[in-house]
Amino acid sequence: MTVTEQGTAGAAGPGAVGDTIEQERLHRKQELAAAFRIFGRFGFSEGVAGHITARDPEHTDRFGSTRSG
């Protein structure tokens, strides 16, 4: 799953890579971390300019993001 697909894909949906929810969650965390590194490299690290989230594959009302502060 690419970073751009994660907003619409569920654990069993298009682009799912893990056999289990835990594997899918780990993959999404890794993709999110990679996206933050890329954003940081291009200077998008201040305020909402670097805001990226990833939906949890099990609890679709939860998102992973960076800590503020």
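Residues numbered from 1 in each chain as written. Predicted model: local features only at pLDDT ≥ 70, side-chain atom pairs only at ≥ 80, totals over all residues. Heavy atoms only, no water.

K.L.:
It is not clear to me how the overall build of the protein chain should be interpreted in this structure. Could you clarify?
P.N.:
When helices and strands are counted, the protein chain shows one helix and two strands. Traced from its N-terminal end to its C-terminal end, the protein chain shows the element sequence α-β-β. Burial statistics for the protein chain: of 69 residues in total, 22% are counted as buried. Roughly 5000 Å² of accessible area belongs to the protein chain as shown, and the carbon and sulfur atoms make up 54% of that amount. (Helix = DSSP H or I, 4+ residues; strand = E, 2+ residues; numbered from the N terminus. Buried < 20%, exposed > 50% of the residue type's maximum accessible area, 1.4 Å probe, protein only. Areas by Shrake-Rupley, 256 points an atom, 1.4 Å probe, with all protein chains shown as cover.)

K.L.:
Before we go on, may I ask you to explain the environment of Arg55 in this structure?
P.N.:
Relative to the helices and strands, Arg55 is located in strand E1 (residues 54-55). For Arg55, a relative accessible area of 28% gives the class partly exposed. When the C-alpha positions of Arg55 and Ser65 are compared, they lie 9.2 Å apart, and in sequence the two are 10 residues distant. At 2.8 Å, the side chain of Arg55 forms a polar contact with the backbone oxygen of Thr60. (Polar contact = N/O pair within 3.5 Å; in protein donor to acceptor, adjacent residues only side chain to side chain.)

K.L.:
Mind showing me how you'd approach the packing of aromatic side chains here?
P.N.:
The way to describe two aromatic rings as a pair is by their centre distance and the angle between their planes. Under the criterion given, the structure shown has one aromatic pair. Their ring planes at 55° and their centres at 5.7 Å tell us that Phe39 and Phe44 sit as a pair that is tilted. (Phe/Tyr/Trp six-rings, centres within 6.5 Å; stacked < 30°, edge-to-face > 60°.)

K.L.:
Explain the side chain of Arg28 here, please?
P.N.:
Inspection of the secondary structure assignment puts Arg28 in helix H1 (residues 21-41). In terms of polar contacts, Arg28 uses its side chain to reach the side chain of Glu24, at 2.9 Å.

K.L.:
Just to check I follow, could you spell out the pattern of salt bridges for this structure?
P.N.:
Side chains that differ in charge, positive against negative, can pair when their charged atoms come close. In total, this model carries three salt bridges according to the counting rule given. Linking Asp56 and Arg25 is a salt bridge whose minimum nitrogen-to-oxygen distance equals 2.6 Å. Of the two residues, Asp56 is situated in the loop between E1 and strand E2 (63-64) and Arg25 in helix H1; the sequence distance between them amounts to 31 residues. In this structure, Glu58 engages Arg25 in a salt bridge whose closest nitrogen and oxygen atoms are separated by 3.1 Å. Taken together, the positions of Glu58 in the loop between E1 and E2 and Arg25 in helix H1 put the pair 33 residues apart, joining distant regions of the chain. Through salt bridges that share partners, Arg25, Asp56 and Glu58 make up one connected network. (Salt bridge = Lys/Arg side-chain N within 4 Å of Asp/Glu carboxyl O.)

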